[in-house]
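The chain contents come next:
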Amino acid sequence: MADITTDVLIIGTGPAGSATAALLAGYGVETMVINRYRWLANTPRAHITNQRTMEVLRDLGRDVEDEAYMFAAGQELMGENVFCTALAGEEVGRMKSWGMHPTSRAEHQLSSPTQMNDLPQTFMEPLLFKTACSRGAQARLSTEYVSHEQDSGGVTTTCLDRLTGKTFTVRSKYLVGADGGNSKVAEHAGLTFEGRMGVAGSMNILFEADLSRYVAHRPSVLYWVLQPGADVGGIGMGLVRMVRPWHEWLIVWGYDINQPAPAVDEAHAKKVVRDLVGVADLDVTIKSVSTWTVNNMYATTLSNGRVFCMGDAIHRHPPSNGLGSNTSIQDAFNLAWKLAYVLKGQAGDGLLDSYQAERAPIAKQIVTRANKSIEEFGPIFKALGLLDSVDPVKMQQNMDARCNNTPAAEEQRAAIRKAIAAKVYEFDAHGVEMNQRYRSDAVVTDGQPEPVFARDPELHFQQTTWPGARLPHAWVFSEDGKKVSTLDLAGHGRFTVLTGPGGQGWIEAAKVVGRELGIEIAAHAIGPRQQWQDFTGDWANLSDVRDGGVVLVRPDHHVCWRRTDNAENPAAELRRVMTAILGK
Ligand code: FDA
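Residues numbered from 1 in each chain as written. Predicted model: local features only at pLDDT ≥ 70, side-chain atom pairs only at ≥ 80, totals over all residues. Heavy atoms only, no water.

Per an unreviewed UniProt entry, the protein goes by 2,4-dichlorophenol 6-monooxygenase and derives from Shinella kummerowiae.

Here it is in structure tokens:
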């Protein structure tokens, strides 16, 4: 007999584990989450929070979304990505980032009801964790996962209570390994990986200093410092990252991965800070120094039987593009509703297979993207002449050459501008953040071909109701003037039917089929004198179906089926699709 029983045991209270616990608790699933430490993230780590993640928080509740914005540095403080020789030194170039270029800003606003923001992990984790616990998840800190064994009925996990030193067992129907980049759960479950760990060494120096006078006129989350002769870090150069504007900061600095991680004392850390800021007597308080490695590895299998892994456990990559915590929370959004449906007997076990089919390609994509973004600093170094010599004096001369009044200098200036502009693939890759389209048995296309991307899919989000894509966002209005996003009509653990005038049959079908399957299928009609008005015509333009057609949306906002026109027997059609998706 196990000491404790629960439906889902989650290892890890990072963004992945806490989000899964919060979602499952919200869906009414009995869940328990453990963390080997006594509290949550103790350094800011992840911070860039993209719109898709904010949509997950919004789905958890407007209170959760609002609290995130309350603690975050807003998007307007994120966007002047600066390249300089020191914060107090010369600026070499700048690019508008994170949706702050006016054209990109428009794309962001048209894509989602949410806004990108900078929310350090020290705020994100407590928000998700609190949401989980307040909604019924059991949580145990200072509790370490040791091992697990599974059989046809469930998983028995051995845990160590680090306060008493005693082990105990937890019996659950499913085990979720959200235990980070060194995941023991993934290892014990025998998941397969491709790629390499420990590609480069990085160190974080967390410090406090009022840097307002160097940054407030060019607000950004990232300041890239190119100092000839200085160590080249895991992400290419010295990075001064805003944690709290403009007094708390994190420097990311490299070390040689072929050597042991350096022991950095306070004096050394202060020297790095003062060098990168460029003020020899800067008043600075060092809060912590830690080291970490840049990884380039993704799982090719995400689960084994009743054990599922997510987050850094299945995608291990550098912070470039800010994809880690975001993708981890999005993994949770994909898996949690599936677990809930299976546990409640509303879906067959087969539904869980779609987690692998849908998220494994994303894991590969983001690991590849993040590592490629590091390489894409190369052309900046090259254009500045930093690769032509290892002599700091010569390197500085090469950089200075760009200021000359010569054809060669003009060419160099053009090359620098081009190389910086190309970093849009790291600092403004809206498509990477939003264009996730799923292909699996939990999506029914009925043979409709995938729409091709009209523009670069890494840079631009293309909304479509093609089954597998995230439901397009459009604002719609109630009779009394309430404004909601189409995404607000979907989600919250339910399937949703969206139709228009003439789609009454789909609304009825949702009731009938929902009753038969023992689930709630929400139904909304959008159009004149319908429940929701589409005054702007945005939904009509985006829906890709006629007024009598239908768009069926999963609990994670992804479209799972659509039909352009009305059907002779809407209930039969909806039954066919829903039973296929739920594997019933
Ligand atoms: P995470 O590592 O956060 O959590 C793992 C959890 O498992 C922890 O609670 C841990 O204690 C627990 N655990 C581990 N082993 C255990 C065991 N045996 N027993 C019990 N508990 C155990 N991402 C992003 O989206 N945007 C960004 O801007 C950045 N920026 C960034 C900067 C820097 C400097 C770093 C180092 C990283 C980022 N990231 C990022 C990446 C981000 O921090 C990372 O991807 C997420 O924290 C991953 O979340 P997980 O929940 O998967 O793992």
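**Student:** Could you give me a rundown of the pattern of salt bridges, with the residues and numbers involved?
**Tutor:** Tallied over the entire structure, the rule returns 40 salt bridges. For R94, the salt bridge goes to E91, with nearest N and O atoms at 2.6 Å. By relative accessible area, R94 is classed as partly exposed at 37%. When its relative accessible area of 26% is taken as the criterion, E91 is described as partly exposed. E426 is the partner of K423 in a salt bridge, and the nearest nitrogen-oxygen pair spans 2.7 Å. Classification of K423 by relative accessible area gives buried; the value is 1%. Within this structure, E80, E91, R94, K96 and R218 form a network of salt bridges that share partners. (Salt bridge = Lys/Arg side-chain N within 4 Å of Asp/Glu carboxyl O. Buried < 20%, exposed > 50% of the residue type's maximum accessible area, 1.4 Å probe, protein only.)

**Student:** Describe the environment of F193, listing the residues and the values that go with them.
**Tutor:** Locating F193 in the fold gives a position in strand β12 (residues 193-208). When its relative accessible area of 25% is taken as the criterion, F193 is described as partly exposed. (Helix = DSSP H or I, 4+ residues; strand = E, 2+ residues; numbered from the N terminus.)

**Student:** Please give an account of the site of the ligand that cites residues and values.
**Tutor:** Near the ligand there are 31 residues, and of these N35, Q121, Y145, D312 and S325 occur at the shortest range. Measuring from an oxygen atom of the ligand, one finds a backbone N or O atom of T13 at 3.1 Å. When isolated, the ligand has an accessible area of 1000 Å², and the protein chains bury 92% of it. Elements that contribute at least two residues to the shell around the ligand include exactly α1 (15-26), β9 (143-151) and α9 (324-343). Here the shell around the ligand gets four residues from one element, more than from any other, and that element is α9. Of the residues assigned to the shell around the ligand, the class counts are eleven nonpolar, 15 polar and five charged. (Near = heavy atom within 4 Å. Polar contact = N/O pair within 3.5 Å; in protein donor to acceptor, adjacent residues only side chain to side chain. Areas by Shrake-Rupley, 256 points an atom, 1.4 Å probe, with all protein chains shown as cover. Nonpolar A, V, L, I, M, F, W, Y, C, P; charged D, E, K, R; others polar.)

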